[in-house]
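Chain by chain, the residues run as shown.
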Amino acid sequence: MMSVPLCVALLLCVCVCLSESCTCDSGHPQEYFCSSDIVMRAEVTGEKIIPEDDNRGGMREIQYEIKVIKVFKGSDKIKQIQHVYTSVMSSVCGTKLDHTQYLLSGNIMSDKFSVTLCDYTKRWDSLSLMMKNNFKYRYQMGCDCKIFFCTEGRPCPSSRENECVLTGWSSWIDNEQACIRHSDGSCSWFTGTDTPSTNHTTDARLTTKSQTSFQTDPL
């Protein structure tokens, strides 16, 4: 018979292993925007657990009921979004959402809008006005640009014309900037508070549908 201390040790080991199994790469908010299928502002209004038997992925999920306020990217990916899905288990990167407004970014998986701990999900009221405007119209103007992180032990290279260099992982001031592509193909940080001028070229992969508003709602 297995001793009680050994059982406790094994249980702790299993819990630690599960809690550490979700690993996410860090990135600039613009990179999250550009790599996501859908980015929106929405309010979570309800939730329910989807049993394993009813879920094609074979794992329990949380189905959050949402009220879409504004879509910043991906309205052409799905006609009508009423729910967002995530795993029940944080060990496989499931995330917990409260009943409030969020900036949600995620991808279409099995015809469903899904978000994880590795996506950029923030309470809307926690975002600065600069960040809200970045998601509204600036980030989409730089999805052909590359953002290079320059940190201690990783020297900064000579910046290429399609590249914006970010110095320091924890520099929130830098993170609030947007890397904008210009009409000549070059990229640079946009630090203004207004809308980029017409000499900037919008990413051709995004259409005006990306900015479709389901409800007139000021930032």
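Quantities reported herein were computed from a predicted structural model and do not represent experimental measurements.

Colleague: Please explain the overall build of the protein chain as it appears in this structure.
Modeller: Along the backbone of the protein chain there are four helices and ten strands. For the protein chain, the sequential pattern of α-helices and β-strands runs α-α-β-β-β-β-β-β-α-β-β-α-β-β. The 219 residues of the protein chain split such that 43% are buried.

Colleague: Please clarify how unusual backbone geometry should be interpreted in this entry.
Modeller: Outside of glycine, negative phi angles account for most residues, and trans bonds account for most peptide bonds. Backbone geometry at Cys93 places phi at a positive 75°, although glycine is not the residue there. With respect to the helices and strands, the residue Cys93 is situated in the loop between β3 (83–87) and β4 (101–109). Its relative accessible area of 14% is what places Cys93 among the buried residues. Even without a glycine there, the phi angle at Ser110 is positive, about 55°. Its place among the elements puts Ser110 in the loop between β4 and β5 (112–114).

Colleague: Got a minute to help me understand the pairing of β3 in this structure?
Modeller: Working note: regular strand, side chains alternate between the two faces of the sheet. Extensive coverage of β3 is indicated by the burial of four of its five residues. Bridge count between strand β2 (residues 61–73) and β3: five bridges; the pairing is antiparallel. Within the sheet, the bridge partner assigned to Tyr64 lies in β3 and is Val84.

Colleague: Looking at this structure, I do not really get the pattern of salt bridges. What am I missing?
Modeller: Oppositely charged side chains can pair when the atoms bearing their charge come close. Evaluation of the coordinates by the stated rule reveals four salt bridges. Of the charged contacts, one joins Lys96 and Glu47 as a salt bridge, the two residues approaching to 3.3 Å between their closest N and O atoms. Residue Lys96 is located in the loop between β3 and β4, and its partner Glu47 is located in strand β1 (residues 38–50); the two are separated by 49 residues in the primary sequence. The exposed category is assigned to Lys96, whose relative accessible area is 53%. Overall, Glu47 belongs to the partly exposed group, its relative accessible area being 37%. Between Lys112 and Glu61 there is a salt bridge; the shortest N-O distance is 2.7 Å.

Colleague: Would you explain the state of the cysteines in this entry?
Modeller: Two cysteines whose sulfur atoms are joined by a covalent bond form what is called a disulfide. A full pass over the atoms with the stated rule returns five disulfides. Between the sulfur atoms of Cys24 and its disulfide mate Cys118 the distance is 1.9 Å. Every disulfide takes its handedness from the sign of the S-S torsion; for Cys24 and Cys118 that torsion is -75°, giving left-handed. Taken together, the positions of Cys24 in the loop between α1 (4–19) and α2 (29–35) and Cys118 in the loop between β5 and β6 (122–123) put the pair 94 residues apart, joining distant regions of the chain. Given a relative accessible area of 32%, Cys24 falls into the partly exposed group. Classification of Cys118 by relative accessible area gives partly exposed; the value is 22%.

Colleague: Quick question: what am I supposed to make of the layout of surface pockets here?
Modeller: Sizing a probe to match a water molecule and rolling it over the atoms shows the empty space that remains. The computed volume of the second largest pocket comes to approximately 200 Å³. In this structure, the second largest pocket is lined by 13 residues; those nearest its centre are Tyr32, Asp119, Tyr120, Thr121 and Lys122. Those elements giving two or more residues to the lining of the second largest pocket turn out to be α2 and α4 (172–175).

Colleague: Where do I start with the confidence of the model for the protein chain in this structure?
Modeller: Interpreting fine coordinate detail is not advised for predicted regions of low pLDDT. When the pLDDT values of the protein chain are averaged, the result is 78; 68% of them are 70 or greater. The spread of mean pLDDT over the elements of the protein chain runs between α1, the lowest at 43, and β6, the highest at 96. Confidence drops under pLDDT 50 across residues 4–19; counting only partners more than four residues distant or on other chains, this segment forms four contacts. Across residues 201–216, where pLDDT falls below 50, the model places 40 contacts with residues more than four positions away in sequence or in other chains.

Cut-off values and rules
- What you see as residue numbers is a count from 1 along each chain, following the sequence as written.
- Only residues with pLDDT of at least 70 get local features here, since the model is predicted, and only at 80 or more are side-chain atom pairs given and counted; chain-wide, interface and lining totals rely on the full set of residues.
- Excluded from the side-chain calculations are hydrogens and water; all other atoms, namely the structure's heavy atoms, are used.
- The helix and strand labels rest on DSSP assignments: H or I over at least four residues marks a helix, E over at least two residues marks a strand, and numbering proceeds from the N terminus.
- The buried label goes to any residue with under 20% of its type's maximum accessible area, the exposed label to any with over 50%, and the partly exposed label to all in between, with areas taken from a 1.4 Å probe on protein chains only.
- Being paired, for any two strands, means DSSP has found at least two bridges between them.
- What counts as a salt bridge is simple: a side-chain nitrogen of Lys or Arg found within 4 Å of a carboxyl oxygen of Asp or Glu.
- Only a pair of cysteine sulfur atoms within 2.5 Å counts as a disulfide in this structure description.
- With a 1 Å grid spanning the protein atoms alone, the term cavity applies to any set of points in which a 1.4 Å probe fits but cannot get out, the term pocket to an open set with protein on both sides within 12 Å along at least five of seven lines, and the term lining residue to any residue with an atom within 4 Å of a point.
- Grid points are joined across faces, edges and corners, and a volume is the space filled by probe spheres set on the points.
- Scored from 0 to 100, pLDDT records how confident the predictor is in each individual residue.
- Any two residues whose heavy atoms approach within 4.5 Å at even a single point are treated as in contact.

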